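# Coordinate analysis (summary)
Below, each chain spelled out in residue letters.
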Amino acid sequence: MALPELIIRPRRLRKTATIRSMVRETSLSVSDLIYPVFVDESIDAPVPVASMPGVSRIPLHDVGSIAREAHGLGIPGIILFGIPKHKDAVGSSGWATDGIVQRAIREAKDACPDLCVIADTCFCEYTDHGHCGVLDGHEVLNDATLVNLQREAVSYAEAGVDMVAPSGMMDGMIAAIRSALDEAGFHDLPIMSYAVKYASAYFGPFRDAADSTPAFGDRASYQMDPANRREAIREALLDVAEGADMLMVKPALAYMDIIREVRNETRLPLAVYNVSGEYAMIKAAAANGWIDERRVVMETMLSFKRAGADLILTYHALDVARWLTQTHQ
Ligand code: PBG
Ligand code: ZN
């Protein structure tokens, strides 16, 4: 049987490692990473999160060393989540001057002035009902929550945070926080918006870590329906118009099409959140010897970049930073 006269041969450019490196389209760098940190006001020693092997809640006095460790590995930023001792109906610990996140911000900045310290800005860890805002019966009130988000953001700013990251999917949250920060004199403080956040089952392990499982119902009246793509663009464009400095898509792995779409439709830096459930799946499979953890993690990170991400919030950040350094040696 004769072969065709002309065979187009893409394999020519895959022949050697050197050529492959010359035509590689996407790269992953340690400066793409943001490391999430859970700070618990009620503990004195780290408490491992069962569903997230390798992740612990840490006490306040360990924040400095974690900040230094991340920074020492070349990771440019951490994002803080606080678990307060005191929870109430409105989440008032969120804007307390001596709140756990406010104190953690100061610890991290003292230990590591160059590290970009970001604060997740929401209420689900602070409310006794676990929802992301103020309730009226079983309804999360949008505008009453905005007022509290303004207080919370200004309070983090006063503590010295480098960036606030509102994650509650309240309508108008970016405009509200922007105007409050500006009014308080923090014109230069950027907002990274969780602009496109889905009501996702992939958040399960995080809610153990952050003690933020809703006491009733779910978050479907404020987080997005996983079925929707056009709405993601609408949410992203609204946050651009309201003054966001960066956008985020969350979760990441099951939403690669959304990452690409937001990248194509907007001009702001784009972060993606490789969430707790995505992390837990890889860790569980690796612990069983079913996948090669390092290779799967690196491929996943690179794929986020290829999909259009500039920054990746990930619990794998310390490992990835170490692996990247080893490869370059
Ligand atoms: C709080 C918040 C959540 C996550 C980040 N910020 C949980 C939620 O919305 O229930 C999830 C992070 C993860 O799963 O890793 N609004
Ligand atoms: Zn929340």
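Structure: see above.
These numbers come from a predicted model, not from an experiment. Each chain has its residues counted from 1, following the order in which its sequence is written. Here every chain gets a letter starting at A, and every ligand a number starting at 1, in the order they are written. Local features in this predicted model are restricted to residues whose pLDDT is 70 or higher, and side-chain atom pairs enter the listing and the counts only when it is 80 or higher, whereas totals over whole chains, interfaces and linings include all residues. For side-chain calculations, the full set of non-hydrogen atoms in the structure is used, while hydrogens and water are omitted.

Right, let's get into the overall build of the chain. The helix and strand labels rest on DSSP assignments: H or I over at least four residues marks a helix, E over at least two residues marks a strand, and numbering proceeds from the N terminus. When helices and strands are counted, the chain shows 11 helices and 12 strands. A compact globule built from 329 residues should have a C-alpha radius of gyration of about 20 Å, and the chain, at 21 Å, falls within 12% of that. Based on the C-alpha atoms only, the size of the chain along its principal axes is roughly 75 × 40 × 40 Å. A buried classification covers 52% of the 329 residues belonging to the chain. Contacts between residues were defined by any pair of non-hydrogen atoms, one from each residue, lying within 4.5 Å. Residue pairs in contact within the chain that sit at least 24 positions apart in sequence constitute 75% of those at least 6 positions apart. Split by element, the accessible area of the chain, about 15200 Å² in all, is 52% carbon and sulfur. A radius of gyration in this sense is built from C-alpha atoms; the matching globule rule multiplies 2.2 Å by the number of residues raised to 0.38. Working definition: with a 1.4 Å probe on protein chains only, accessible area under 20% of the residue-type maximum means buried, over 50% means exposed, and in between means partly exposed. For every accessible area listed, the method is Shrake-Rupley and the probe measures 1.4 Å; residues are considered covered only by the protein chains on display.

Here we come to the coordination of the zinc ion (ligand 2). Only nitrogen, oxygen and sulfur atoms count as donors, using a 2.8 Å cut-off from the metal that widens to 3.2 Å for Na, K and Ca. Water is left out, so coordination shells may look unfilled. Taken together, Cys-122 (SG), Cys-124 (SG) and Cys-132 (SG) make up the full set of protein donors to the zinc ion (ligand 2), lying 2.2 to 2.3 Å away. When four donors show all angles between 85 and 135 degrees the site is tetrahedral, when four or six donors have opposite pairs over 155 degrees and all other angles between 65 and 115 it is square planar or octahedral respectively, and in every other case it is irregular. Angles of 94 to 124° at the metal separate the four donor atoms of the zinc ion (ligand 2), which places the site in the tetrahedral class. Each donor residue of the zinc ion (ligand 2) belongs to the same chain, and together they define the spacing C-x1-C-x7-C. The two residues Cys-122 and Cys-124 agree in class, both being buried.

Right, let's talk about the packing of aromatic side chains for a bit. Classification of ring pairs uses Phe, Tyr and Trp, with its six-membered ring standing for Trp, and accepts pairs whose centres are within 6.5 Å; under 30 degrees between planes counts as stacked, over 60 as edge-to-face, and the remaining range as tilted. Tallied over the entire structure, the rule returns 10 aromatic pairs. An angle of 15° between the planes, with centres 6.0 Å apart, marks the rings of Phe-38 and Tyr-315 as stacked. Taken together, the residues span a long stretch of sequence, with Phe-38 in strand β1 (residues 33-40) and Tyr-315 in the loop between β12 (311-314) and α11 (317-328) at a distance of 277 residues. Owing to a relative accessible area of 5%, Tyr-315 belongs among the buried residues under this scheme. Chaining the aromatic ring pairs together yields one cluster made of Phe-38, Phe-81, Tyr-194, Phe-206, Tyr-273, Tyr-279 and Tyr-315. A ring has a charge above it when a Lys NZ or an Arg CZ is no more than 6 Å from the ring centre and no more than 35 degrees off the ring normal. Above the plane of the ring of Tyr-273 lies Lys-250, whose end atom (NZ or CZ) is 4.6 Å from the centre.

The next subject is helix α2 (residues 63-72). Along α2, the residues that are buried comprise Val-63, Gly-64, Ile-66, Ala-67 and Ala-70. Buried residues of α2, seen end-on, are gathered within an arc of 165° and therefore sit on one face of the element. Looking one or two residues beyond α2, the residue adopting positive phi is Gly-74, at roughly 95°. The reported arc concerns the directions from the helix axis to the C-beta atoms and nothing else.

Nonpolar side chains (Val, Leu, Ile, Met, Phe, Trp, Tyr) within 5 Å and like charges within 9 Å form the patches, drawn only from residues with over 30% relative accessible area and no salt bridge. Any Lys or Arg side-chain nitrogen found within 4 Å of a carboxyl oxygen on Asp or Glu counts as a salt bridge. Note that His is not counted, nor are the chain ends; the positive residues are Lys and Arg, and the negative ones are Asp and Glu. Here the site of a charge means atom NZ of a Lys, CZ of an Arg, CG of an Asp or CD of a Glu. Positive charge collects at one region of the surface, where Arg-9, Arg-11, Arg-12, Arg-14 and Lys-15 lie side by side. For Arg-11, the position within the fold is in the segment before α1 (17-22). Looking at Arg-11, the relative accessible area reads 68%, which means it is exposed.

Further remarks concern unusual backbone geometry. A cis amide bond links Lys-250 to the next residue, Pro-251, at an omega of -10°. Looking at where Pro-251 falls in the secondary structure, it is placed in the loop between β10 (246-250) and α8 (256-265). The backbone of Met-169 shows a phi angle near 60°, a positive value even though the residue is not glycine. As for its placement among the helices and strands, Met-169 is situated in the loop between β8 (163-166) and α5 (173-183). For Asp-211, which is not glycine, the phi torsion reads 50° and is therefore positive. Relative to the helices and strands, Asp-211 resides in the loop between α6 (204-210) and α7 (230-242). You can call Asp-211 partly exposed: its relative accessible area is 41%.

Another aspect to go through is helix α9 (residues 276-287). Given a rise of 1.5 Å per residue, 12 residues ought to cover 16 Å, and the 16 Å separating the end C-alpha atoms of α9 matches this to within 8%. Burial analysis of α9 places nine of its 12 residues in the buried class, which makes it a mostly covered element. Looking only at α9, the buried set comprises Ser-276, Gly-277, Glu-278, Tyr-279, Ala-280, Ile-282, Lys-283, Ala-285 and Ala-286. Phi turns positive, to about 75°, at Gly-289, one or two residues after α9. Expected span of a helix, by definition, is 1.5 Å for each gap between consecutive residues, and there is one gap fewer than residues.

Here we come to the side chain of Lys-109. Within the secondary structure, Lys-109 is located in helix α3 (residues 100-111). Accessibility expressed as a relative area gives 17% for Lys-109, which makes it buried. When residues no more than four places from it in sequence are discounted, the contact partners of Lys-109 are Leu-115, Val-117, Gly-160 and Asp-162.

This next bit is on the site of ligand 1. By convention in these notes, a residue is near a molecule or strand provided one of its non-hydrogen atoms lies within 4 Å of it. In the vicinity of ligand 1, 19 residues are found, and the nearest of them are Arg-207, Gln-223, Lys-250, Ser-276 and Tyr-315. Gln-223 has a polar side-chain atom sitting 2.8 Å from an oxygen atom of ligand 1. About the coverage of ligand 1: the protein hides 100% of its 400 Å² of free accessible area. Two kinds of site are reported from a 1 Å grid over the protein atoms alone, namely cavities, where a 1.4 Å probe fits but cannot get out, and pockets, open sets with protein on both sides within 12 Å along at least five of seven lines, and residues are called lining when an atom falls within 4 Å of a point. Cavity and pocket membership follows a simple rule, namely that a molecule belongs there if more than half of its atoms are within 2 Å of the grid points. Put simply, ligand 1 lies in the largest cavity. Contributing elements (two or more residues each) for the shell around ligand 1: β9 (192-197) and α6. Polar contact is the term for a pair of N or O atoms within 3.5 Å; when the atoms are in protein, one must be able to donate a hydrogen and the other to accept it, and sequence-neighboring residues count only if both atoms are side-chain atoms.

With that out of the way, let us pick up empty space enclosed by the protein. Grid points are joined across faces, edges and corners, and a volume is the space filled by probe spheres set on the points. The full count for this structure, using the stated rule, is one cavity of 30 Å³ or more. Looking at the largest cavity, its volume works out to about 130 Å³. Cys-124, Lys-197, Phe-203, Phe-206 and Lys-250 are the residues nearest the centre of the largest cavity, which is lined by 18 residues in total. Looking at the lining of the largest cavity, its residues break down into eight nonpolar, four polar and six charged. Nonpolar residues are Ala, Val, Leu, Ile, Met, Phe, Trp, Tyr, Cys and Pro. Charged residues are Asp, Glu, Lys and Arg, and all others, Gly as well, are polar.

So yeah, pure geometry; function would need other evidence.
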